[in-house]
Number of protein chains: 2
Amino acid sequence: MAGPRTTVRNLNRTREKILAAALAEFSARGFAGARVDAIARRARVNKRMLYYCFGAKQDLYREILRRKIAERAEFIESTPDDFAGALAHIYLAGGTDIDFVRLMEWEAIDSGGRKCIAEAERRALFEKAVDRLRVLQREGSIPRGVNLTQLFISMLSLALFPLVMPQVIRLIHGMEPTDPRFMRQRANFLRWLGDRLGKTPETVPIRSRRRRNPTTPSHTAVRRGRSFKRPGQLA
Amino acid sequence: MAGPRTTVRNLNRTREKILAAALAEFSARGFAGARVDAIARRARVNKRMLYYCFGAKQDLYREILRRKIAERAEFIESTPDDFAGALAHIYLAGGTDIDFVRLMEWEAIDSGGRKCIAEAERRALFEKAVDRLRVLQREGSIPRGVNLTQLFISMLSLALFPLVMPQVIRLIHGMEPTDPRFMRQRANFLRWLGDRLGKTPETVPIRSRRRRNPTTPSHTAVRRGRSFKRPGQLA
DNA sequence: TATACTATTAACTGATCAGTTAATTAAGCC
DNA sequence: GGCTTAATTAACTGATCAGTTAATAGTATA
């Protein structure tokens, strides 16, 4: 036959199936709510295999978290160099990975007495991000004197909140937070907001004089079907 | 004896004890994670009384949510009239009520197939808030053209995120999000941010010229032990 | 003080769930 | 083809949990 022979028994394949199913289950229901039987069913694998491959529910969960966090770390590297672009990037990068956001959310609300998983990696992630902000500040893209820690917390807030509280978006906005129209509108709003925060006061009116109404942001036009700015275009 | 006679039997008292215990338990563990036995133990009441008074776990939960949301609605009324002040107010008002934030968070992450509880009340809450923003915009405190829905989502994001993801604050900042020092610093930062967003570009440099470094916000001094501005001082 | 009703209790039940036992089947190797 | 080891399975177990049963103790009232 063409292609590699599909062996009836294949532990690696089984492991991968379990990991995929576990990510979905833990993301949907959290550690306490996730059912080992449900993971096994999703993976089309006998429940015993979870214990054979990963030991216990806890160990499987830890593995899922560790992988997700490592995967996320790569995104930090590709952050644009301007502040407004970086804000939109965090939003769009985080906004595509609902499993990541939900896992973090479950960790936040229901740590269940577990000690923080991959704490060192997370801290490194944050410190790297704040360091980047420090560079932007030195280059003048962020006003001097701004507390960068608070600023970073704010960037995360603005970027993650829609996925963290989707029902708020539904209620206020009538759309799913993953709806492309909502995401474009939000990304444009964040670019406008970042632009306004990033510019030093002197430069704001100068740049804006090109328009008749200097304070009209572009994101309001999105719902009417106009084109929006792509990532990087503003950078 | 002085004071009201403590009757051995008092259904109202029992109800109140159950409600208080249930709020604590549901806030801490969510609907699925909350244990009926734990609520009874906390309330120092026989488990059977929960069913006697409220029917089922679901009904008790609904009652808790309904009460909390009604209680929150009152806070909207006392929102300051300027944008920066309103932003800080949402933060400080939400920041004092961790049970409210956690209940909303549990609802968001684990609705468990339940239909949205008190949806009409919540929507009314949001619409009232956006209406207030519209007034501020007409009065010039918010730039024309800004999408008020996105702006309101952003205000909620900035205000609620620290309590929603306390471990992020711990990791980035090394403090609990409820630590008074953190809260003051954040409130000052939000006032600076709101000020900067709210002002039209033309007015920003004029107002700022009073300082030598017009873009230095006050909140950065907090951690170094200097005095900080009290709520309202910057408004 | 007998009666009727309300509030409270301990003990039970059936379902669900993480984890285990022990048997079975396929693959690798001589 | 027989032997060994690795992968897979069904059935079981003990703990936990929401909800129930049925009996009991306090309170009001006639």
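Our subject is the structure listed above.
My aim in this report is to walk through the structure given alongside it, one point at a time. Nothing here was measured: the structure is a model prediction, and the numbers come from that model.

## A few points about the protein's contact with DNA strand C
Consideration 1: Taken together, 19 residues lie around DNA strand C, and A:R9, A:A34, A:K47, B:R9 and B:M49 are the ones closest in.
Consideration 2: Restricting the count to atoms of DNA strand C within 4 Å of the protein gives a sugar and phosphate share of 54%.
Consideration 3: Here a base oxygen of DNA strand C and a side-chain polar atom of A:K47 are 2.5 Å apart.
Consideration 4: The contact in question runs from a phosphate oxygen of DNA strand C to an N or O atom on the side chain of B:Y52, over 3.2 Å.
Consideration 5: When contributions to the surface near DNA strand C are tallied by element, the ones reaching two or more residues are α2 (36-43) and α3 (47-54) of chain A together with α1 (11-33) and α3 (47-54) of chain B.

## Here's the deal with the protein's contact with DNA strand D
Consideration 1: As a matter of local geometry, DNA strand D sits amid 18 residues, with B:R9, B:A34, B:R35, B:K47 and B:R48 nearest to it.
Consideration 2: A:R9 places a polar side-chain atom, nitrogen or oxygen, 3.0 Å from a base nitrogen of DNA strand D.
Consideration 3: A distance of 3.5 Å separates a phosphate oxygen of DNA strand D from a polar backbone atom of A:N10.
Consideration 4: Contributions of two or more residues to the surface near DNA strand D are made by α1 (11-33) and α3 of chain A together with α2 (36-43) and α3 of chain B.

## Let's talk about the layout of surface pockets
Any empty space left between the atoms is revealed when a probe the size of a water molecule rolls over them.
Consideration 1: Of the pockets and cavities examined, the largest pocket occupies roughly 560 Å³.
Consideration 2: Every residue lining the largest pocket is counted, 31 residues in all, and those nearest its centre are A:I76, A:I90, A:L125, A:F152 and A:L156.
Consideration 3: Listed by contribution, the elements that provide at least two residues to the lining of the largest pocket are α4 (57-77), α5 (83-95), α6 (98-109), α7 (119-138) and α8 (148-164) of chain A together with α9 (166-173) of chain B.
Consideration 4: Residue contributions to the lining of the largest pocket peak at 8 residues, all from α7(A).
Consideration 5: Grouping the amino acids of the lining of the largest pocket by side-chain chemistry returns 22 nonpolar, 4 polar and 5 charged.

The rules behind the values
Residues numbered from 1 in each chain as written. Chains lettered and ligands numbered in written order. Predicted model: local features only at pLDDT ≥ 70, side-chain atom pairs only at ≥ 80, totals over all residues. Heavy atoms only, no water. Near = heavy atom within 4 Å. Polar contact = N/O pair within 3.5 Å; in protein donor to acceptor, adjacent residues only side chain to side chain. Helix = DSSP H or I, 4+ residues; strand = E, 2+ residues; numbered from the N terminus. 1 Å grid on protein atoms, 1.4 Å probe; cavity = no way out; pocket = protein on both sides within 12 Å on 5 of 7 lines; lining within 4 Å. Points joined across faces, edges and corners; volume = space filled by probe spheres on them. Nonpolar A, V, L, I, M, F, W, Y, C, P; charged D, E, K, R; others polar.

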